Amino acid sequence: MALDQIITAVVAVIGVPLVLLAYIIVGEQVIERLSDRLQTWIRPYFWALPAVGFATVFMLYPMARTVIFSLRNNDDNAWVGFANYNYFFTFPDTLTALRNSLLWLVFYTFFAVAFGLIAAILLDRVRYEALAKVAIFLPVPISAVAASIIWKFMFEYQPVGATQTGTLNALLGVAHHDPVAWLVDSTTNNAALIFVGIWTAVGFCMVIISASLKAISTEVLEAARIDGANEFQIVWLVVTPLLWPTITVVGTTMLINALKTFDIVYVMTNGAYDTDVIATRMFSQLQSNHIGRAAAVGVVLFIAIVPLMLVNIRRFQQQEEQR
Amino acid sequence: MSDVFTRLASRAIAAGLGTLMLIACSSGGGGGTGGGASSTDVTVWTAWGGAELKAFQDVLKPFKDQTGINVHLTTNRDSTNQLANGIAAGTDLPDIAPGPTDPNLVKSWVSKGALKPMETALGDQFQAYIDNTYPALTTPPSGQQDNPYILVIGGKHYALMVKTQVKGLIWYNKKVFTGTAPTSFDQMLQINPSQYGAKSLFCAGFESGAASGWPASDQIDNIIMRQSGDQVYTNWIQGKQKFTSPEIKLGYQTFLQEVSDQNVYGGRNTALSTNFGKAGDPLFKNPAGCLFLEQATFITSFFQQDFPSLNLKAGTDFDFFAHPSVNSQYDGNINGFYDNFSMYNDTPAARKLLTYLSTKDAQQIWANDGGTLGAIKTLTYTDPVFKRAADIANSAKNLLVTAGDFMPADMQKAFWQSLLNVTKNPGSLDSELAHLDQVQKAAYTTS
Amino acid sequence: MSAEATRPRESAVGKGVSALDNLGYRLQRLPLHLVIIIFCAIWVVPTIGMIINSFRSLQDMGNAGWWTTLFPPHGFTLASYQAVLEIDGVPQSILSSILITIPATVIQLTIATMGAYAFAWMRFPGRNIFFIVIVALMVVPIQMTLIPVLQLFHLLGIQGTIVAVWLAHSGYGLPFEVFLLRNYLGGLPREIFESAEVDGAGHAVRFLRIAVPMTIPAIASLVIFVFLGIWNDLLVALTFLGTSQFRPFTVMIAQLVTSFGGGWQFLTAAAVLQMALPLAVFIFLQRYFVRGITSGSVKG
């Protein structure tokens, strides 16, 4: 059986790009024979068709179903209007979840992007860049379960006076401070979880920003230096503005990730001690078969994203005007 | 430029696709899962892993040797969701997998025909199964036809019980606690740990990742069922008994005595931060951190794996006494849980496997491997601890399930976390209970 | 390297002076190095803790933190790794993971690049709406999509096969990829495309011989993340492989731990093994993050 799978895989890896190549080349040959007006009309849809097709099947259609579910009851035999939304917005637990999601939105996004940007810029200037990048990237391939084990070692709590087995509490012990129950104490637990999130995300931001950073031509930087700008000014006034479109993309992605944050919170506390976020609330509704309520949450998240996308569209339009 | 390019590219593409076609055709397609209405293969999903899985594989070995049937085993911790998706979408289901715990799901799946009755699967072995297994696992309370918690609907059984655990046992280090077992809960609370050289009375560990709080729920369940009786307890699970009612509130208050800073090792923060598997470690430290740990029968393997150098033996190094009486009227109520399998595809191979699992020979292997009780009453246990646990299960008037496990998922989560919250902040008891009532109202509706 | 520009020149004359300059230069850069090293240390320490713990016994881990292994007695053991490799079928599962990951990565990236090119360089009505919708769909919780997609796959008869997993991963990954690539492709200079068009190159040629080569850094970074997302995935594999016996590594690891969490120490070894391949992919693709591939072609 393994041989069958290997053959299928090889066929796919070679075949799919070839098929798409054929699709493009042959398709273009056909399109080019059409009138100019018809060309500009058909061509974009032709090129975007595979991507849009996939997105429609896997995301758009389920999203439409989700909207419908959010307006029906669980047994799916009656319309209940906005009852599910009502539940979501008036239930006290939701308030905590919304507050926490807001904390994630602000701090997770800001620090992940900021650290990623700083890392990309600083590392660009040293010879051991590749090695340092590996260090910062290291948390990224770690699954949520593995991350929870790692941070369990970091956050571990032993009673006051006993030998501390957790890294952070051991460090506190060196400073003669009592151990802190990081995940239990409400003043530290959200910050601790958000930090774990940032820890896993900075590598991602750094890599994406770095790719764009490398594309900035050296001539531009040289010209600035010749004009007498020092390094700080170059970073602030030349590099960052050029990176702004990429920062927007990365920032938007991080914002969406913050809204969708589930794994880390679920695996480490499942929302206990006031750490609940929107996605963990939705999941517990889903598990008790309250599909309507879970769907309502999904719809709310989707609507929350749209303004963000409008910002992105404006950014792209600016980009087009400039080129 | 583009002409040459396009020509070359087209030729390359044609050649490449042609070659691939040849390869694909000659390999004969592949894919597919085999199976079918099979008498030679059976797919089984289980949540077991590690030592539990090895024990199950030991149990399956004689079956495979005797019948030659291939058992395709997969460890799947998400089986209820996967099954729900599969049933809703109409895709292939595994032949055998654990049954759902949510009573609504049980009723729904039975009505859709996804769950197949054991009467059919076991055939003429069915009556023997009923006779040999702990009655609490197979028989609804007298006068009732249904008990969705043991998957009995319309008088038919939709799950095969294979393993049991008893909960609410009080574990102690025999070399540290040399006194006699207390006969009542109040008496237990009055024991002075320093008399035996221990720092505190209880150890506790409620942390468990996404399921944090369940050990606390075990503790309070064992209190409530002995304090207010099985009727209150069962109503409570079904959402018919409010959390703010005097019985449940009393249960919480009693529970809080077990986890007060004074009574629990390391104070409340330790109880909340420690993983349940390591909660018993202070029992074996020197000096002992605590006298007692309340836990289920499966905790023994955790003791042994944490201290391999001490070579801890059941009966000589550690032992348990049953949960002391709270209200003598309700002494017959014991907390247990079970592992079961349901049949989702009625195939000859699946029937044979289930029939085998219901036999004494099969379950005896589980008993021999240790760490659990079987569901059959008459198994022999060489481990003294499990022998006594089996006696307890046998003599129980009512083997009651763990409350949290059978509440709707969002109620369960709120319930478990309420226990964590009141442990952390006992003064918040009233507001927590009021909040739980709100969740209860919303959780048990179907819309 | 751009930083070289400020380095003092070395010449035969005045070597003594320039040696001092050199020292001054290095001291000037000291804060930079310190910041970087501290940052990297903080980032790396937690993972190092786990890696070291994967070589320790359970009893040791309960008694003292991982840093104590740096001093004798070290107490290293390979028990956790043995437990992982002893699972029945583990080598096949690693192959299965590879067979799932590579094709899925290739499929989605090729489709995404094509689509992003259209959104970036072609004007058509509804372009912005389409784009907003596709990208906003990133927020859809995956659990809500499982049943409809399962129904579709069942209808097509591919449910339970590896093809279903490829298609599912592609569908879920496309929005972000289109988002990122559109940004990158849109930043390419118009002149190059225009001059090629004047030379008679059609869209196919412009895409294949100009756009794609210039997008290599972005594609390389996407390969890294798409690869590791699929490699670490559990839910999509479980759902769309259903009852098939074809199981990736992530599914097999569940066997290490009892349903109560006993044996979690073996997960540390499993996590280290699981991290290894995506990390190797990352290190290998670093060569594409080099300035100069596109320099001179991107306008300031």
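Treat the numbers as computed from the prediction; the structure is a model and nothing was measured. Each chain has its residues counted from 1, following the order in which its sequence is written. For naming, the first written chain is A and the first written ligand is 1, with later ones following in the order written. Totals for whole chains, interfaces and linings use all residues, but because this is a predicted model, local features are given only for residues with pLDDT of at least 70 and pairs of side-chain atoms are given and counted only at 80 or more. As a rule here, side-chain values cover all heavy atoms of the structure and leave hydrogens and water aside.

Draft legend 1. Structural view of the overall build of chain C. Numbering of helices and strands runs from the N terminus, with a helix taken as a DSSP run of H or I at least four residues long and a strand as a DSSP run of E at least two residues long. Scanning chain C for helices and strands turns up 13 helices and 0 strands. From first element to last, N terminus to C terminus, chain C shows the α and β order α-α-α-α-α-α-α-α-α-α-α-α-α. Of all 300 residues assigned to chain C, the portion counted as buried reaches 60%. It only takes one pair of heavy atoms within 4.5 Å for two residues to be counted as in contact. A sequence separation of at least 24 residues applies to 73% of the contacts in chain C between residues at least 6 apart. All accessible-area figures derive from a Shrake-Rupley calculation using a 1.4 Å probe, and residue coverage is judged against the displayed protein chains alone. When the accessible surface of chain C is summed, it comes to about 11,800 Å², and 67% of that surface belongs to carbon and sulfur atoms. Each residue's exposure class comes from its accessible area (1.4 Å probe, protein chains only) as a fraction of the maximum for that residue type: buried when under 20%, exposed when over 50%, partly exposed otherwise.

Draft legend 2. Just the interface of chain C and chain B, in detail. The interface is formed by 36 residues belonging to chain C together with 42 residues belonging to chain B. Put simply, buried area is the surface a 1.4 Å probe can reach on two separate parts but cannot reach once they are joined, added for both. When chain C packs against chain B, the two sides together hide about 3,100 Å² of surface, and 61% of this comes from carbon and sulfur. One side-chain nitrogen of Lys or Arg within 4 Å of one carboxyl oxygen of Asp or Glu is enough to make a salt bridge. Remark: the boundary between chain C and chain B carries 0 salt bridges. Counted as a polar contact is a pair of N or O atoms within 3.5 Å, where, for protein atoms, one must be capable of donating a hydrogen and the other of accepting one, and residues adjacent in sequence contribute only when both atoms are in side chains. Across the contact surface, chain C and chain B share 8 residue pairs in polar contact (both at pLDDT 80 or more). If you list the elements that add at least two residues to the side of chain C that touches chain B, you get helix 2 (58-63), helix 6 (146-156), helix 9 (203-214) and helix 11 (235-241) of chain C. No other element matches the 5 residues that helix 6 of chain C contributes to the side of chain C that touches chain B. Here the nonpolar group is Ala, Val, Leu, Ile, Met, Phe, Trp, Tyr, Cys and Pro; Asp, Glu, Lys and Arg are the charged ones; every other residue, Gly included, is treated as polar. Here the residues of the side of chain C that touches chain B are counted per class, giving 14 nonpolar, 20 polar and 2 charged.

Draft legend 3. Spatial organisation of the domain arrangement of chain B. Residue and element names in this part refer to chain B. In this document the domain limits rely on a domain assignment from an automatic tool or a database. The domain boundaries assigned to chain B delineate domain 1 (41-166 + 334-400) and domain 2 (169-332 + 404-444). With centres defined by C-alpha atoms, the gap from domain 1 to domain 2 works out at 27 Å. Of the residues lining the interface, 22 residues belong to domain 1; the matching set on domain 2 comes to 24 residues. In this assembly, domain 1 packs against domain 2 so that about 2,000 Å² is buried in total across both faces, 63% of it on carbon and sulfur atoms. Two residues, Arg388 and Asp319, come together in a salt bridge whose shortest N-O distance is 2.7 Å. It is helix 16 (residues 384-395) that contributes the most residues to the side of domain 1 that touches domain 2, 6 residues altogether. Here the side of domain 1 that touches domain 2 is built from residues that sort into 13 nonpolar, 5 polar and 4 charged.

Draft legend 4. Looking closely at the pattern of salt bridges. Summed over all chains, the structure comprises 16 salt bridges over all chains. Its salt-bridge partner being A:Arg225, residue A:Glu222 comes within 3.4 Å of it at the nearest N-O pair. Taken as a pair, A:Glu222 and A:Arg225 lie in helix 9 (residues 218-226) at a separation of 3 residues, close to a single helical turn. For A:Arg225, a relative accessible area of 13% puts it in the buried group. The salt bridge partner of B:Asp65 is B:Lys61, with a shortest N-O separation of 3.1 Å.

Draft legend 5. Examining the interface of chain A and chain C more closely. Taken together, the contact pairs 120 residues of chain A with 123 residues of chain C. Overall, the association of chain A and chain C removes approximately 10,700 Å² of surface from exposure, summing both partners, and the carbon and sulfur fraction of that is 77%. If you look at where chain A meets chain C, you find 0 salt bridges. Where chain A touches chain C, the interface holds 7 residue pairs in polar contact (both at pLDDT 80 or more).

Draft legend 6. Seen up close, the domain arrangement of chain C. Residue and element names in this part refer to chain C. Assigned domains of chain C: these are domain 1 (2-77) and domain 2 (88-295). Just the C-alpha atoms count here: the centres of domain 1 and domain 2 sit 34 Å apart. Listed by partner, the interface residues are 8 residues for domain 1 and 8 residues for domain 2. With both sides pooled, the region where domain 1 packs onto domain 2 buries about 620 Å², and carbon together with sulfur makes up 83% of that total. Linking domain 1 to domain 2 there are 0 salt bridges. Our count for the contact surface shared by domain 1 and domain 2 stands at 0 residue pairs in polar contact (both at pLDDT 80 or more). At the level of secondary structure, the elements contributing two or more residues to the side of domain 1 that touches domain 2 comprise helix 1 (15-53) and helix 2. Of all the elements, helix 1 adds the most residues to the side of domain 1 that touches domain 2, at 4 residues. Of the residues assigned to the side of domain 1 that touches domain 2, the class counts are 4 nonpolar, 4 polar and no charged.

Draft legend 7. Region of the structure containing the packing of helix 3 (residues 79-86) of chain C against helix 13 (residues 265-285) of chain C. Residues and elements named next belong to chain C. Throughout, an axis means a line fitted to C-alpha atoms (over the contacting stretch in the case of helices), and angles, computed between N-to-C directions, take values from 0 to 180 degrees. As a packed pair, helix 3 and helix 13 sit with axes 8 Å apart at the nearest point and diverge in direction by 75 degrees. Classed by the angle they form, the pair helix 3 and helix 13 counts as roughly perpendicular. Only Gln265, Phe266, Thr268, Ala269, Ala270, Val272 and Leu273 of helix 13 make contact with helix 3, whose side of the interface consists of Ala79, Ser80, Tyr81, Ala83, Val84 and Leu85. Residues that form the contact of helix 3 with helix 13 fall into these classes: 10 nonpolar, 3 polar and no charged. To sort the angles, those under 35 degrees are grouped as roughly parallel, those over 145 as roughly antiparallel, those from 65 to 115 as roughly perpendicular, and the leftovers as oblique.

Draft legend 8. View of helix 10 (residues 216-231) of chain C. For a helix, the expected span equals 1.5 Å multiplied by the residue count minus one. Compared with the 22 Å implied by 1.5 Å per residue over 16 residues, the 22 Å span of helix 10 of chain C between its first and last C-alpha is a close match. The buried fraction of helix 10 of chain C amounts to 13 of the 16 residues, a majority that puts the element mostly inside the structure.

Draft legend 9. Broad picture of the environment of B:Lys313. Residue and element names in this part refer to chain B. Position of Lys313 among the secondary structure elements: in the loop between helix 13 (300-306) and strand 10 (318-321). Taking relative accessible area as the criterion, Lys313 reaches 44% and is therefore assigned partly exposed. For Lys313 and Thr300, which are 13 residues apart along the polypeptide, the C-alpha to C-alpha distance reads 9.3 Å.

Draft legend 10. Representation of the packing of aromatic side chains in the model. Between rings of Phe, Tyr and Trp, where Trp is taken as its six-membered ring, a pair exists when centres lie within 6.5 Å; planes separated by under 30 degrees are stacked, by over 60 edge-to-face, and by other angles tilted. This structure, assessed with the given rule, holds 75 aromatic pairs over all chains. Taking 5.7 Å as the distance between ring centres and 65 degrees as the angle between the ring planes, the aromatic pair formed by A:Phe82 and A:Tyr85 counts as edge-to-face. On the basis of relative accessible area, A:Phe82 is assigned to the exposed category, the value being 63%. The buried category is assigned to A:Tyr85, whose relative accessible area is 13%. The interplanar angle of 75 degrees and the centroid separation of 5.2 Å between the aromatic rings of A:Phe110 and A:Phe111 together place this pair among those described as edge-to-face. Given a relative accessible area of 53%, A:Phe110 falls into the exposed group. When its relative accessible area of 30% is taken as the criterion, A:Phe111 is described as partly exposed. The rings of A:Phe107, A:Phe110, A:Phe111, A:Phe115, A:Trp151, A:Phe155, A:Trp182, A:Phe195, A:Trp199, C:Phe39 and C:Trp43 are connected pair by pair, giving a single aromatic cluster. In our convention, an over-ring charge means Lys NZ or Arg CZ found within 6 Å of a ring centre and within 35 degrees of that ring's normal. Note that A:Lys152 overlies the ring of C:Trp264, its terminal NZ or CZ placed 4.8 Å from the centroid. Over the face of the ring belonging to B:Trp48 we find B:Lys163, whose NZ or CZ atom lies 4.3 Å from the ring centre.

Draft legend 11. How the structure looks around the confidence of the model for chain B. Residues and elements named next belong to chain B. Confidence of the prediction at every residue is given by pLDDT, a number between 0 and 100. The share of residues in chain B with pLDDT of 70 or more is 91%, and the mean pLDDT across the chain is 88. The least confident element of chain B is helix 1 (residues 2-27), whose mean pLDDT is 62; the most confident is strand 3 (residues 96-97), at 96. In this model, residues 26-35 is a region of pLDDT below 50 whose contacts with residues beyond four sequence positions or in other chains number 10 contacts.

Draft legend 12. Representation of the pairing of strand 11 (residues 333-343) of chain B. All names here are of chain B. Along strand 11, 11 of the 11 residues are buried, which leaves the element largely enclosed by surrounding structure. Taking every second residue as pointing to the same face, both faces of strand 11 are buried, with Asn333, Asn335, Phe337, Asp339, Phe341 and Met343 on one and Ile334, Gly336, Tyr338, Asn340 and Ser342 on the other. By the bridge criterion, 2 bridges tie strand 3 to strand 11 in an arrangement that is antiparallel. Residue pairing across strands places Ala97 opposite Ser342, the latter belonging to strand 11. Two strands pair if DSSP finds at least two bridges between them. Examined bridge by bridge, strand 6 (residues 160-167) and strand 11 share 7 bridges and lie antiparallel to one another. Of the residues in strand 11, the one forming a bridge with Thr164 is Tyr338. Judged from the 3 bridges that link them, strand 11 and strand 13 (residues 398-400) form a sheet pairing that is parallel. Its bridge partner lying in strand 13, Asn335 is registered against Leu400.

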